[in-house]
Amino acid sequence: MTAVADPQGVSDHEIHIKYEDQEKINQFARYNSKLLELKEELVEKNKEMQNLNDALQDIDELELSEDSFPFQLGEVYVEMSADQAKEMIDTYKDKLNKEISGLQGKSGELETLMKGLKSELYGKFGSAINLEYD
């Protein structure tokens with residue numbers, strides 16, 4: 001069996017990975033794992049935001065026919081006026097928007113770090129390494 005050389009003149013059998021390079025590869029994998037977790041959390045937060053927007057729309061549609069609305073606080077439902085319910089939903093939306101912004105910021109930071117590691121490792125190993133994270 002003969003080893004085929006890549007354009008840089010290094011065969012698959014001649015690749016030697018230093019400890020520092022392996023640490024960088026491992027760091028990339030950790031960042032990738034964390035990024036996937038953050039993206040899943042963002043999907044959940046966006047679903048929550050959509051539910052809150054739907055609730056506001058429902059309150060607006062029912063406001064003329066209902067005096068009070070059941071509002072869930074934990075495991076208990078509390079009767080509230082339309083204005084009180086809208087205020088509570090707006091409070092939850094503000095909190096959720098802050099959480100979403102924080103998650104997006106963390107995701108952006110991780111992607112930047114990953115791009116740096118990726119370009120460094122591809123520069124060193126070329127096509128002998130695969131660091132795709134999407």
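Note that residues are indexed from 1 along each chain, following the sequence as it is written. Restriction of local features to residues with pLDDT of at least 70 applies here, the model being predicted, together with a cutoff of 80 or more for giving and counting side-chain atom pairs; totals for whole chains, interfaces and linings are based on all residues. Values shown for side chains rest on all heavy atoms present in the structure; no hydrogens or waters enter the calculation.

Peer 1: Before we go on, may I ask you to explain a nonpolar patch on the surface in this structure?
Peer 2: Two joining distances apply to patches: 9 Å for like charges and 5 Å for nonpolar side chains (Val, Leu, Ile, Met, Phe, Trp, Tyr), and every residue must have over 30% relative accessible area and no salt bridge. Here, Shrake-Rupley sampling with a 1.4 Å probe gives the accessible areas, and only protein chains in the shown set may cover a residue. The term salt bridge refers to a pairing of a side-chain nitrogen on Lys or Arg with a carboxyl oxygen on Asp or Glu at a separation within 4 Å. A grouping of L73, V76, V78 and Y92 is seen on the molecular surface, where their side chains present a nonpolar patch of about 300 Å² in accessible area. Relative to the helices and strands, L73 resides in strand β1 (residues 69-73). Overall, the relative accessible area of 32% leaves L73 in the partly exposed class. Helix and strand assignments follow DSSP, with helices taken as H or I runs no shorter than four residues and strands as E runs no shorter than two, numbered in order from the N terminus. Working definition: with a 1.4 Å probe on protein chains only, accessible area under 20% of the residue-type maximum means buried, over 50% means exposed, and in between means partly exposed.

Peer 1: Explain the side chain of K45 to me, please; I cannot follow it from the model alone.
Peer 2: Turning to its location among the elements, K45 is positioned in helix α1 (residues 19-62). Note on contacts: a residue pair qualifies if any of its non-hydrogen atoms lie within 4.5 Å across the two residues. K45 has contacts with L96, E99, I100 and L103, leaving out every residue within four places of it along the chain.

Peer 1: When you look at the pairing of β1 in this model, what are you seeing that I'm missing?
Peer 2: Successive side chains on a regular strand alternate, one facing one side of the sheet and the next facing the other. One requirement defines pairing of two strands: DSSP has to find at least two bridges between them. Sheet topology places β1 next to strand β2 (residues 76-80); five bridges connect them, and they run antiparallel. Bridging across to β2, F69 finds its partner in M80.

Peer 1: For this particular structure, what's the right way to read the side chain of S107?
Peer 2: Along the chain, S107 falls in helix α2 (residues 82-125). Judged by its relative accessible area of 6%, S107 is buried. Residue contacts for S107: discarding those within four places in its chain leaves L35, L38 and L42.

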